[in-house]
Amino acid sequence: MVSKTSLRESVRAHRWAEVAEGLAARPDLLGVRDERGRGWLHQACMAPAADAGAAIRTADLLLGLGLGLNDAAFTEGAWKATPLWHAVSRGRNLALVEHLLKLGCDPDYCLFAAAWNEDRAAIRLLLAHGADIEEGAARGETPLLGAIAWSKFGPAEELLIGGANPDFQDPKGRTALHLMLKKGSAAEHFAMFVRHGARGDIPDGEGRTAAELLRRKRDPGYHAVADRLAQASTVSR
């Protein structure tokens, strides 16, 4: 006898043939959601896959039965927990992520999760399919600032390579450079931002620029970065 519990086990194990048989026997279970609003497609996408092909077949089966490619399990403001987000943040299944993107799913809402997971390949894939690299700017945060806040410098570099604005300011006027100063990040990470065109003469909400704060550091490595920021700011004017 097919039940919600047994179907959930089949979906999360990507046993697509069992899922097909189960839903054929119990079509009334197709619209079932858990306490967080996750349907079967979200469940399939969030489960790590030993077999990427089986995960894709399970997703295709569920989509064929009418579950939504961009359906949100839950939302937070404008942000949506789509099947793609579950695949990026929980399942971490790049083959499934690419498959969903090729089917035309919305590529947004996932860059923060990819940055948190330090998944540079997922970041590249999302950007290649049109994800908004400045997602969250309206609320004062971008994936790049998120990566810096979490000290995820590999993802930060990937976002900079992809064209993220290195000078975006949060509601307190702080750029990524200001955030790194507050966290005591190593000079090499500041140098990475310099290479991608960051400016050091942008004042935060208290009127302090990153360049002047760097010059207060004892380590001469920070002074060298401040010099490079000053040169870059002069050229950009």
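Everything discussed here concerns the structure shown above.
Small disclaimer: the values here were computed from a predicted structure and weren't measured.

Draft legend 1. Structural view of the overall build of the chain. Per the secondary structure count, the chain includes 14 helices and 2 strands. Along the first, second and third principal axes, the C-alpha atoms of the chain reach 70 × 30 × 30 Å. Per-residue burial for the chain yields a buried fraction of 49% across its 237 residues. At a minimum sequence separation of 6, the contacts of the chain that also span at least 24 residues come to 64%. Computed over 30 positive and 30 negative side-chain charges, the separation of the two mean positions in the chain equals 4 Å.

Draft legend 2. Examining the packing of aromatic side chains more closely. Within this structure, the stated rule accounts for 6 aromatic pairs. When the centroid spacing of 5.1 Å and the interplanar angle of 90° are considered together, the rings of Trp 79 and Trp 85 count as edge-to-face. By relative accessible area, Trp 79 is classed as buried at 13%. Across from the ring centre of Trp 16, 3.6 Å away, lies the NZ or CZ of Arg 57, which sits over that ring. The ring centre of Tyr 222 lies 5.4 Å from the NZ or CZ of Lys 217, which sits over that ring.

How each quantity is defined
Residues numbered from 1 in each chain as written. Predicted model: local features only at pLDDT ≥ 70, side-chain atom pairs only at ≥ 80, totals over all residues. Heavy atoms only, no water. Helix = DSSP H or I, 4+ residues; strand = E, 2+ residues; numbered from the N terminus. Buried < 20%, exposed > 50% of the residue type's maximum accessible area, 1.4 Å probe, protein only. Contact = heavy atoms within 4.5 Å. Lys, Arg positive; Asp, Glu negative; His and termini not counted. Charge placed at Lys NZ, Arg CZ, Asp CG, Glu CD. Phe/Tyr/Trp six-rings, centres within 6.5 Å; stacked < 30°, edge-to-face > 60°. Lys NZ or Arg CZ within 6 Å of the ring centre and 35° of its normal.

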